[in-house]
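Structure at a glance
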Amino acid sequence: MASLISCPHCGTRPKEEFTIKGDANLIRPKADAGTEDWYDYVYLRNNPKGLHKEYWHHSSGCRRWLIVERDTVTHKVHGVSDAALTKLGGGA
């Protein structure tokens, strides 16, 4: 895992200040979606190889939600953005 993360609010900080919270590309089903759609959303996850966007929480810093784009093979961080300012293809 990369030892430093560049928080857009706090600057470069050690990774221990952050908590990885999961896939930033998940699309939340509509409220009236069927049981199968909700099951897939809650329980099934991909295990991607390569570039991937994840939600990270700067829990020991500014407490902002971030989207970290990193390579799951090398753990190299390719970009960090504020989740509140980032448009993705889906919910959360």
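Shown above is the structure to which this text applies.
Here we summarise the structure given alongside this text.

Calculation notes
- Every residue gets a number counted from 1 within its own chain, in the order that chain's sequence is written.
- Under the rules for a predicted model, residues below a pLDDT of 70 receive no local features and side-chain atom pairs below 80 are neither given nor counted, while totals for whole chains, interfaces and linings still include all residues.
- Water and hydrogen atoms were dropped before computing side-chain values, which therefore reflect all heavy atoms in the structure.
- Helix and strand labels come from DSSP, where a helix needs a run of H or I of at least four residues and a strand needs a run of E of at least two; each type is numbered from the N terminus.
- Contacts are assigned to residue pairs with any non-hydrogen atoms lying within 4.5 Å of each other.
- Should DSSP find at least two bridges between two strands, the strands are regarded as paired.
- For helices, the fitted line uses only the C-alpha atoms of the stretch in contact; every axis is such a line through C-alpha atoms, and the angle between N-to-C directions lies from 0 to 180 degrees.
- Here the term patch refers to residues with relative accessible area over 30% and no salt bridge, with like charges joined within 9 Å and nonpolar side chains (Val, Leu, Ile, Met, Phe, Trp, Tyr) within 5 Å.
- The Shrake-Rupley method, run with a 1.4 Å probe sphere, supplies the accessible areas, and residue values consider only the shown protein chains as cover.
- A pair is scored as a salt bridge if a Lys or Arg side-chain nitrogen falls within 4 Å of a carboxyl oxygen belonging to Asp or Glu.
- Partly exposed residues are those whose accessible area sits between 20% and 50% of the maximum for their type, while under 20% is buried and over 50% is exposed, using a 1.4 Å probe and protein chains only.

Looking only at helices and strands, the protein chain features one helix and six strands. For the protein chain, the N- to C-terminal ordering of α and β elements is β-β-β-α-β-β-β. Dimensions of the protein chain, computed from the C-alpha atoms along their principal axes, are close to 45 × 25 × 20 Å. Considering only intrachain contacts with a sequence separation of at least 6, the fraction spanning at least 24 residues in the protein chain is 46%.

As a further point, take the sheet that holds strand S3 (residues 19-23). Note: strands within a sheet are paired through backbone hydrogen bonds, in either parallel or antiparallel orientation. In spatial order, the strands read S3-S4-S5-S6; together these four strands make up an open sheet with antiparallel pairing. Of all the strands in the sheet, the pair left with one neighbour each is S3 and strand S6 (77-82). Ignoring strand direction, the axes of neighbouring strands in this sheet form an average angle of 30 degrees. Of the strand pairs in this sheet, S3 and strand S4 (residues 51-57) are connected by four bridges, and their pairing is antiparallel. Looking across to S4, one finds that Thr-19 is bridged to His-57.

Further remarks concern a nonpolar patch on the surface. A cluster of nonpolar residues, Tyr-39, Val-42, Tyr-43 and Leu-44, forms a patch on the protein surface that exposes about 440 Å² of accessible area. For Leu-44, a relative accessible area of 45% gives the class partly exposed.

The alternating pattern of strand S1 (residues 4-7) places Ile-5 and Cys-7 on a buried face, while none of Leu-4 and Ser-6, on the opposite face, is buried. The hairpin turn running from S1 into strand S2 (residues 11-14), its antiparallel successor, is three residues long.

A side chain of one charge can pair with a side chain of the opposite charge if their charged atoms are brought near each other. If you walk through the whole model with that rule in mind, you get four salt bridges. The salt bridge partner of Glu-54 is Arg-70, with a shortest N-O separation of 2.6 Å. Linking Glu-54 in strand S4 with Arg-70 in strand S5 (residues 65-71), this pair joins segments that are 16 residues apart in sequence. The buried category is assigned to Glu-54, whose relative accessible area is 7%. One salt bridge connects Asp-82 with Arg-64, and the closest N-O pair in it is separated by 2.6 Å. In this pair, Asp-82 sits in strand S6 while Arg-64 sits in the loop between S4 and S5, placing the two residues 18 residues apart along the sequence. Overall, the relative accessible area of 5% leaves Asp-82 in the buried class.

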